[in-house]
Amino acid sequence: MITFLQNYGGQLLLKTWQHLYISAFSLFLGVIVAVPIGILLTRAKPIANTVMAIASMLQTIPAMALLALMIPFFGIGAIPAIVALFIYSLLPILRNTYLGMKDVEPALIDAAKGMGLTNWQSIIKVEVPMAAPVIMAGIRLSATYVIAWAALASYIGAGGLGDFIFNGLNLYRTDLILGGSIPVIILALIVDWLLGKLEAAVTPKTTQS
Amino acid sequence: MFLTMEHLNKTYPGGKVAVEDFNLEIEKGEFVCFIGTSGSGKTTTMRMINRMLSQTSGTIKLNGEDISQIDPVKLRRQIGYVIQNIGLMPHMTIRDNITLVPRLLKWSQDKMNERAKEMIKLVELPEDYLDRYPSQLSGGQQQRIGVVRALAANQDLVLMDEPFGALDPITREALQDLVKDLQERLGKTFVFVTHDMDEALKLSTRIVVMDGGDIIQVDTPDGILRHPANEFVENLIGKDRLIQARPSITTVGQVMLKNPIATTPGKSLTVALRQMHDKRVDSLLVTDEAGILKGVIGIEDVDYNFNSATSVGDIMKRDIFYVQSSSLIRDTVERILKRGLKNIPVVDENHRLVGIVTRATLVDIVYDALWGDEDEDEASNNIHHGEDDAPAEGGEQ
C-alpha cells in the first residue's frame, strides 16, 4: 500500500482529478438538460412516454459499445467520454424529475393556478420546490453511475482512474486494479455524501426549526 | 349586477354535458350556494367563474365586464379561491401563504406584513402562527388560513369548492360561522359549492339546486324549505329537515282545526248554552251571517248574564285576538304561550272565521317536530289520535 502510493502517488492524484473532471462535467450536462426536459414533459404529457422510452433505450446500450460509438463523432479523449457519460446520466435524472413533478399534490397546483400564479410561477415557486427531493435523488443516482462508468472511459483515452484498472488487467497486477478501483469507490461515496448534503439544503422546510 | 352568468353551457370532449343553459345573476354581498349531487355540474359552473374551466358557450360578466376578455391570471388574482384540500403551500410559512397573491401583485413588504397580521387576527389565531408552517397547524386552523388567503388581496368575490367537507363537525361549524361573518361584515360575495344541505341552509342568502347540469331551483333557504320545486329537491333537503323546519315554515291554515264551533250574535243565550252542551265546549266564537268573526262568548259570560241579557250579541267579547290563516305557526305559538290564551280563532284575508288553533294543536306540532312521522303505522295512528281528540279540543273552547 505504502509502496504503491510512493510509486504512483502523483499519478493517482492526476487520474483522480481527471476522473472527477469527466464525471462532474457529464453530470452537470445531464442535470441542465434532463431537469428542464423533465419539467417540460409534465406540461406535454402525451409525448412524455415517448421521451422516456428513448431515454430508457439509450440506457440499454452497453457502456463499452457507447464509448466506442463516440469515437467516429468525437475522436478519442475526454470529450467522447463526457458525451457518452452524459447520455447515461440522462435517464435517472429525467425520470425522477418527471415523476417528482407529476407527484406534486394536484390540489397545490390547482390552488396555485386558482390564485393567479402563472404557469411559470407555479413551476418555480411550487412544483420544483416540492419535487426537489425526488429530483435530487435522481441526480445522486446518476452521479454514482457516472463515477463508476467513468472508469471505462480510459478505454477511449479519456484518462481517469480507469487507466490503473486497465493497466492492472493487462499486466495481471492486482495492486493496480485495486489502486484504481478503491479510489473510484471512495470518490463515489464522497460525491454521494456531498450531494446528500445538497439534497437536504434544497429540500424546502416544512416545519419551524 | 355584480356577477352575471348567461346561457352557460359546458360540454366535455366526448359529448358529456356538464352544464346546460345556466342562467344566474348574483348581486354584491350575496352568499350563493350551489348544491347538488356529484355530477350535477355545480363545481364545473363555479370553476368557469375564474376561468379554471372555459365554457363551451355563454357569457360570464363580472362587474359588467365579459371575463373571457380578461387575462385569466389577472382575473384569478382578483377572485378568492378556496378548495376542499385546503391547498396551503407546505413549504411556505403561514405569512407567505397568506400574502401569496399580494406578493404576485407586488405589494410592498410593509403592506404585506400589515395585511398578514390583519388577516390572522380576522381568524382569531395568535400572531406568532405567522412564522409557522402549515403542517404545524390543525386541519381546521389550516383551512382558516385558506379562507383568509382568499381575502388577503381584497378580493370582492370568493369561490369556495366544498371547503369544509373534510373537517369534523365542530370545526366545520366554527368555519361556517367565520365565513358567514365575513360575508355579513365585510360585504364579500361568496359562491359556495357544497353537497351538504345543512351548510347551504345555514350560510346562503340564495341556494341554487342543480341536477344533471340543470338548475332545478333558485330560492332563499326559506323558500326552498317552504316550496321545494320537486321531489329531487325534497329528497335533497331530506324528510327530517322538512319536518324539523315545519314549525318555522308551516302556516296556521295548515294545522288549525277546521269548522270551529260558532254561533251568531242574534242567537239567544239559551240556544248558545244548548250548543255548548251539545258540542261539549266551554266557549263559542261569534260570527255574522257572512261568517265574519265578531267576537267570543264563554260559559262564564253566559252564566253571569243569563238573566239580564237575551242575545249572544249583547254579551260577547268583541275585543279578541285572532290570526290570519296565512301567518306562520312560529309566531302564533309565541302569542298563545305569551298571552296564556287557550285558543286563537283563525280568519282568512276577508276576516271570515275559518278555523281555530288550540293548545292541543300545539301539542301536535311539538310532537311532530320531535318524532315526525317515523313510519307509516305511527303516522296513521297520529291521525286517528288527532280525530279522537277533536271533541276534547273543542271542549276547551
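Cut-offs applied
Residues numbered from 1 in each chain as written. Chains lettered and ligands numbered in written order. Predicted model: local features only at pLDDT ≥ 70, side-chain atom pairs only at ≥ 80, totals over all residues. Heavy atoms only, no water. Domains from an automatic or database assignment. Salt bridge = Lys/Arg side-chain N within 4 Å of Asp/Glu carboxyl O. Helix = DSSP H or I, 4+ residues; strand = E, 2+ residues; numbered from the N terminus. Contact = heavy atoms within 4.5 Å. Buried area = accessible area lost by both parts, 1.4 Å probe. Polar contact = N/O pair within 3.5 Å; in protein donor to acceptor, adjacent residues only side chain to side chain. Pairing = 2+ DSSP bridges. Axes fitted to C-alpha atoms, helices over the stretch in contact; angles between N-to-C directions. Phe/Tyr/Trp six-rings, centres within 6.5 Å; stacked < 30°, edge-to-face > 60°. Buried < 20%, exposed > 50% of the residue type's maximum accessible area, 1.4 Å probe, protein only. Lys NZ or Arg CZ within 6 Å of the ring centre and 35° of its normal. Left-handed = near helix turned anticlockwise from the far one by under 90°. Nonpolar A, V, L, I, M, F, W, Y, C, P; charged D, E, K, R; others polar. Patch = residues over 30% accessible without salt bridge, like charges linked within 9 Å, V, L, I, M, F, W, Y side chains within 5 Å. Areas by Shrake-Rupley, 256 points an atom, 1.4 Å probe, with all protein chains shown as cover.

Student: Please set out the domain arrangement of chain B residue by residue, giving values where relevant.
Tutor: In terms of domain boundaries, chain B breaks down into domain 1 (3-248) and domain 2 (252-395). Here domain 1 of chain B and domain 2 of chain B have C-alpha centroids that lie 49 Å from each other.

Student: Which residues make up the pattern of salt bridges, and what values go with them?
Tutor: Under the definition given, this model contains 18 salt bridges over all chains. Between Arg-185 of chain B and Asp-181 of chain B there is a salt bridge, and its shortest N-O distance comes to 2.8 Å. Of this pair, Arg-185 of chain B and Asp-181 of chain B both sit in helix H7 (residues 169-186), separated by 4 residues, roughly a single helical turn. Here Asp-348 of chain B and Arg-352 of chain B are joined by a salt bridge, their closest N and O atoms 3.7 Å apart. Three or more residues joined by partner-sharing salt bridges are found here, namely Arg-140, Asp-192 and Glu-199 of chain A.

Student: Give me the lowdown on the interface of chain A and chain B, citing residues and values where you can.
Tutor: Chain A puts 22 residues into the contact, and the matching count from chain B is 25 residues. Both faces considered, chain A and chain B share a buried interface measuring about 2,100 Å² in area, 63% of it formed by carbon and sulfur atoms. Considering only the side of chain A, the residues that lose the most area to chain B are Asp-110, Met-115 and Gln-208 of chain A, jointly responsible for 29% of the buried surface there. Summed over the shared surface of chain A and chain B, the result is 1 salt bridge. A salt bridge links Arg-47 of chain B to Asp-110 of chain A, with the nearest nitrogen and oxygen atoms 3.0 Å apart. Linking chain A with chain B are 6 residue pairs in polar contact (both at pLDDT 80 or more).

Student: So what's going on with the sheet that holds strand E1 (residues 3-11) of chain B? Which residues, and what values?
Tutor: All names here are of chain B. The 4 strands are arranged E2-E1-E4-E5 in an open sheet whose pairing can be described as antiparallel. Looking at which strands have only one partner, the edges of the open sheet turn out to be strand E2 (17-26) and strand E5 (65-66). Strand direction decides the pairing type here: strand E4 (residues 57-62) and E5, joined by 2 bridges, are antiparallel. In the strand pairing of E5, Lys-61 is matched with Asp-66. Relative to E1, helix H1 (residues 42-49) is tilted by about 120°, and along the sheet it contacts E1, E2 and E4.

Student: Report on the sheet that holds strand E13 (residues 283-287) of chain B, specifying residues and quantitative values.
Tutor: Residue and element names in this part refer to chain B. If you trace the 3 strands from one edge of the open sheet to the other, you get E12-E13-E14, paired in mixed fashion. Each of the sheet's edge strands pairs with one partner strand only, and the pair in question is strand E12 (262-263) and strand E14 (293-298). Relative to E13, E12 runs parallel, the two sharing 2 bridges. Directly across from Thr-263, in E13, lies its bridge partner Val-286. Here helix H14 (residues 269-279) sits on the sheet in contact with E12, E13 and E14, set at roughly 125° to E13.

Student: Outline the packing of aromatic side chains, listing residues and values.
Tutor: Summed over all chains, the structure comprises 13 aromatic pairs over all chains. Between the aromatic rings of Phe-4 of chain A and Phe-164 of chain A, the centroid separation amounts to 5.9 Å while the plane-to-plane angle is 50°, which identifies the pairing as tilted. Taken together, the residues span a long stretch of sequence, with Phe-4 of chain A in helix H1 (residues 2-43) and Phe-164 of chain A in helix H7 (residues 162-171) at a distance of 160 residues. With a relative accessible area of 4%, Phe-164 of chain A lands in the buried category. Joined through ring pairs, the aromatic side chains of Phe-31, Phe-164, Phe-190 and Phe-192 of chain B make up one cluster. In this structure, Lys-111 of chain B is placed above the aromatic ring of Trp-107 of chain B, and the distance from its NZ or CZ to the ring centre is 4.1 Å.

Student: Lay out the packing of H1 of chain A against helix H6 (residues 119-149) of chain A with the relevant residues and their values.
Tutor: Residue and element names in this part refer to chain A. Put simply, H1 and H6 touch, their axes get as near as 9 Å, and they point 145° apart. Note on packing geometry: the crossing formed by H1 with H6 is right-handed. Residues His-19, Ser-23, Ser-26, Leu-27, Val-31, Val-35, Ile-39 and Arg-43 of H1 form the contact with H6, whose own contacting residues are Asn-119, Ser-122, Ile-123, Glu-127, Val-128, Ile-135, Ile-139, Ser-142, Ala-143, Val-146 and Ile-147. Partitioning the contact of H1 with H6 into residue classes produces 11 nonpolar, 6 polar and 2 charged.

Student: Could you give me a rundown of a nonpolar patch on the surface, with the residues and numbers involved?
Tutor: Residues and elements named next belong to chain A. Nonpolar side chains collect at one region of the surface, where Leu-178, Ile-182, Ile-186, Ile-190, Trp-193 and Leu-194 lie side by side and expose about 600 Å² of accessible area between them. With respect to the element layout, Ile-186 can be found in helix H8 (residues 174-202). Assessed through its relative accessible area of 44%, Ile-186 is described here as partly exposed.

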